[in-house]
Structures are given as structure tokens and as C-alpha cells.
Amino acid sequence: MITFITRRVLYSVPVILVASFILFWAVRSTFDPLAKLRQAHDPAVIAREIERLGLDRSIPEQYFLWLRSLIVGDWGLSTRTGTPVLPLIGDALWPTLQLAFWGLLVAVLIAGGVSVYSAVRQYSWGDNLLTGASYLGIAMPAFWFGLILIQTFAVWPKEQFGLSEPPLFFIGLQSPGQTGVLDYIRHLILPVAALMIALVASWSRFGRAAMLDALSSDYVRTARAKGVPRRQVIWRHAVRNSLAPFVTVVALDAAILIGGLVVTEQIFAIPGMGRLFLQSLVAGDVYVLLPWMIVVAVAVVICNLIADIAYAVLDPRVRLS
């Protein structure tokens, strides 16, 4: 197992390097870091900036200079805010990680339970009800569902009952000057609910299909023929073997969430990675966009690495191959 993990980790390094070069080439080919400077300064100033930033060199040379600075922690200055990029991304990453962690945790628990129930009771009224709810969750736009949650659980109760503050907050992840757990939970419930609805809907359909495939396999029929109790057949044989493809889907979606929470963070005014990307993209801030994409690419590789390890734990044949 250690050899398998070591091999996977070493394999991830060149993947990250190749991805970073492709991203650097794509950004440098489409964005001009001196676009604003060219509008207000004379050619001599621009020429000095080009020489200082190394923009007159080839793309591979620029890439290695940029990579060296990135490794030593010099991520440059944001052209939008004038502040260092590294703490800017660090401040944005933490709220996104919190939101993604709680959203994934709750979504995995609910989707897993729904998958098992729907597969075991296939075509029952409960299965049909959950199937309809899943289709509704997949079709429902995230921003619309988020607005419904805000109106139903924050604005309406406050106005209806004359409360001094809403029962659930919908701006940020903490009230100014507050550090309590209760305040944190009241901020977290609505964005997590808005985030997990689409995940639960799609994962429960995928998990149901994987469970049905496992329940109809030969080893489950053999276990039943031997008289193994039904509960043991479901949880020890069917659920375990249906987990591998489920884990893969969860890992891939988890990686996408690091940079894909734009809508949720905008609706609930959470200063995370999605919001930072949107603001930097509008401002053409290349010095933030590039490290932002590298962080997301590294997150994708790490999540795939975790999925590979989990897959190997669930199915030992993966390690042998």
C-alpha cells in the first residue's frame, strides 16, 4: 500500500508541472499584465516595466522565472488591490474550504442514505418520491434555491415575528466581532443547504445505480442463497462494492468545488475563491488569476490522489495492477 501511495504521489508532481505550464501559457497569451499601464504612461515607462517583469523573454523563460518566484513565496502584487497575492488567496481559500468541507460532508451522508434506501426499495413510493425530488434538485438553479432559502428562513421569520435579527444569517460566515460556535452555525446552514442540493440530487442517482448493480451481482445472489441475513448482505457486500465508483464521483466534484462556488459565495457574500476569481477576472488581474488557477489545479490533483487511495482501500485489486 505504501508503494502504491508513493507511486501515485510521484506521478502527481509532473502532472502539476505540466498543468501549471499550460495555464501559464494560456493566461500569458490572452491577458496583458500592462494593459492599464499602456493607457496612461509613455512608452519609456512601459519599456522599463516590460524589462523589469521579464515580459520581453520567451514564454518558457517567463514560466521558469514565475515558477521560481511561486516556490519561494513571491506571488507578486495584485493590480486590482495593490496588495500581495499570497495572503489574498490564503484569505479567500479558508472560507471556501470551510464551505466545501461542510457541504460535502452533509451531502455525502444524505446522498449515501438516499442511495441505499432507493436501491433496496426500488420502485416503492419512497423511491419514486426521492427520484422526483432528485430530478427537481438537479434542475433547480443554485442562485434561485439560495434566494428561496434566504427569504424562507431569514427574511420572512424576522418580518413575520418582529425579531431583532433573523434566525439564520445570510451574509458571510461570521458576524463582525463574533467568534462563537452558534453564530458560525447560524451563518453556515443556508449556504451549505444551497450548495448541497445539487450534489445530493446527482450523487443519490449515481449511488442508486451503483447499488442496484451490486444487488443484482452474482456474489450477492450467492450470499442470499447461503442464507446470509438481508441486512448483512446489503451493508457488508452490496454497499462496500458500490462505494468505489461513488467515491470517484465525490472526489472529482470536491475538486471542482474549490473554484466553483462562485454563485453560492456571491449570494451569501462569502469572500472565498469563487468571489475572488470573479473580481479578478472582471479587473483583468493576471497576477491573481494565475496563482488562483494553480491552487485549483493542485486541489484537483490532491482530490484525485485521495480518490485513488480510497479506491485501492475498497478494492485491493487496484493495488496489484
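All residue numbers refer to position in the chain's written sequence, counted from 1. In keeping with the model being predicted, local features are shown solely for residues with a pLDDT of at least 70 and side-chain atom pairs are shown and tallied solely at 80 or more, while totals for entire chains, interfaces and linings include all residues. Only hydrogens and water are removed before side-chain values are computed, so all heavy atoms of the structure are retained for them.

Things to note about the overall build of the protein
Turning to step 1, where the next piece is worked out: Starting at the N terminus, helices and strands are each numbered in turn, a helix being any DSSP run of H or I of at least four residues and a strand any DSSP run of E of at least two. Looking only at helices and strands, the protein has 14 helices and zero strands in total.
Turning to step 2, where the next piece is worked out: Secondary structure elements of the protein, listed N to C terminal, follow the sequence α-α-α-α-α-α-α-α-α-α-α-α-α-α.
Turning to step 3, where the next piece is worked out: Projected onto its principal axes, the C-alpha positions of the protein cover 85 × 65 × 35 Å.
Turning to step 4, where the next piece is worked out: Buried, partly exposed and exposed residues are distinguished by accessible area as a fraction of the type maximum, computed with a 1.4 Å probe on protein chains only: under 20%, between the cut-offs, and over 50%, respectively. Within the protein, the fraction of its 321 residues that count as buried is 39%.
Turning to step 5, where the next piece is worked out: Residue pairs at least 24 apart in sequence account for 69% of intrachain contacts in the protein once pairs closer than 6 positions are excluded.
Turning to step 6, where the next piece is worked out: The protein chains shown are the only cover counted for residues, whose accessible areas, like all others here, come from Shrake-Rupley with a 1.4 Å probe. When the accessible surface of the protein is split by element, carbon and sulfur atoms take 68% of a total near 18,000 Å².
Turning to step 7, where the next piece is worked out: Neither His nor the chain ends contribute to the count of charged residues, in which Lys and Arg are positive and Asp and Glu negative. Charged side chains are reduced to one point each, which is NZ for Lys, CZ for Arg, CG for Asp and CD for Glu. For the protein, the distance from the average site of its 25 positive side-chain charges to the average site of its 19 negative ones is 13 Å. A contact between two residues is defined here by any heavy atoms of the two lying within 4.5 Å.

A closer look at the pattern of salt bridges
Any two side chains of opposite charge can pair, so long as their charged atoms come close to each other.
Turning to step 1, where the next piece is worked out: A pair is scored as a salt bridge if a Lys or Arg side-chain nitrogen falls within 4 Å of a carboxyl oxygen belonging to Asp or Glu. Applying the stated rule across the entire model yields four salt bridges.
Turning to step 2, where the next piece is worked out: Here Arg186 ties to Glu165 by a salt bridge, and the two come within 3.1 Å at their closest N and O atoms. On the criterion of sequence distance, the pair formed by Arg186 in helix H8 (residues 181-215) and Glu165 in the loop between helix H7 (142-161) and H8 is long-range, its members being 21 residues apart.
Turning to step 3, where the next piece is worked out: Taking the relative accessible area as the measure of exposure, Glu165 reaches 37% and is therefore partly exposed.

Quick word on the UniProt feature "transmembrane region" (unreviewed entry) in the protein
Turning to step 1, where the next piece is worked out: UniProt tags residues 9-27, 99-120, 132-156, 184-203, 243-269 and 289-314 as "transmembrane region" (unreviewed entry).
Turning to step 2, where the next piece is worked out: The distance from the first to the last C-alpha atom of residues 184-203 is 27 Å, and the span holds 100% helix and 0% strand. UniProt positions are given in the numbering used here, feature names are shortened, and annotations may be inferred rather than shown by experiment.

Focus on the side chain of Asp127
Turning to step 1, where the next piece is worked out: In this fold, Asp127 is placed in helix H6 (residues 125-139).
Turning to step 2, where the next piece is worked out: Asp127 has contacts with Tyr117, Ser118, Arg121, Gln122 and Arg208, leaving out every residue within four places of it along the chain.

Focus: the side chain of Ser242
Turning to step 1, where the next piece is worked out: Examined against the element boundaries, Ser242 turns out to sit in helix H10 (residues 230-259).
Turning to step 2, where the next piece is worked out: The exposure class assigned to Ser242 is buried, which follows from its relative accessible area of 7%.
Turning to step 3, where the next piece is worked out: Two N or O atoms form a polar contact when they lie within 3.5 Å of each other; inside protein one atom must be a possible hydrogen donor and the other a possible acceptor, and for residues adjacent in sequence the pair counts only when both atoms belong to side chains. A distance of 3.0 Å separates a polar atom in the side chain of Ser242 from the backbone oxygen of Val239.
Turning to step 4, where the next piece is worked out: Excluding residues that lie within four positions of it along the chain, Ser242 makes contacts with Ala210, Met211 and Ala214.

Details of the nonpolar core
Turning to step 1, where the next piece is worked out: In this text, buried Ala, Val, Leu, Ile, Met, Phe, Trp, Tyr and Cys residues form a nonpolar core when linked through side-chain atoms within 4.5 Å. Membership of the largest hydrophobic core comes to 32 residues, with the highest contact counts inside it found for Leu199, Trp203 and Leu257.
Turning to step 2, where the next piece is worked out: For this core, the elements supplying multiple residues, two or more each, are helix H5 (85-120), H7, H8 and H10.
Turning to step 3, where the next piece is worked out: When residues in this core are grouped by element, the largest group, 11 residues, is from H8.
Turning to step 4, where the next piece is worked out: Residues in contact with Trp203, not counting those within four places in the same chain, are Leu104, Ala107, Val108, Ala111, Ser115, Phe246, Val249, Val250 and Asp253.

Side note on the packing of H7 against H8
Turning to step 1, where the next piece is worked out: Across the interface, H7 lies against H8 with an axial gap of 9 Å and an inter-helix angle of 145 degrees. Considering only the axes of H7 and H8, their crossing is right-handed. Between H7, through Phe145, Gly146, Leu149, Ile150, Phe153 and Ala154, and H8, the contact on the second element is made entirely by Leu190, Ala193, Ala194 and Ile197.
Turning to step 2, where the next piece is worked out: Class assignment of the residues belonging to the contact of H7 with H8 gives a composition of nine nonpolar, one polar and no charged. Axes here mean lines fitted to C-alpha atoms, for a helix over just the part in contact, with angles spanning 0 to 180 degrees between N-to-C directions. Crossing handedness: left-handed means the near helix sits turned counterclockwise from the far one by under a right angle, and right-handed means the same turn made clockwise. For this scheme, ten residues count as nonpolar: Ala, Val, Leu, Ile, Met, Phe, Trp, Tyr, Cys and Pro. Four count as charged, namely Asp, Glu, Lys and Arg, and the remainder, Gly too, count as polar.

A few points about helix H4 (residues 59-71)
Turning to step 1, where the next piece is worked out: Working rule for helices: expected span equals 1.5 Å times residues minus one. Compared with an ideal rise of 1.5 Å per residue, which puts 13 residues at 18 Å, H4 spans 18 Å between its outermost C-alpha atoms and is within 8% of the ideal.
Turning to step 2, where the next piece is worked out: Of the positions making up H4, those classed as buried are Gln62, Tyr63, Trp66, Leu67 and Leu70. Projected down its long axis, H4 shows its buried positions confined to an angular sector of 130 degrees, all on one face. Those residues of H4 that are exposed and angled more than 90 degrees off the buried face are Phe64, Arg68 and Ile71.
Turning to step 3, where the next piece is worked out: Residue Gly73 follows H4 closely and has a positive phi angle near 95 degrees. The arc in question is traced by the directions running from the helix axis to the C-beta atoms.

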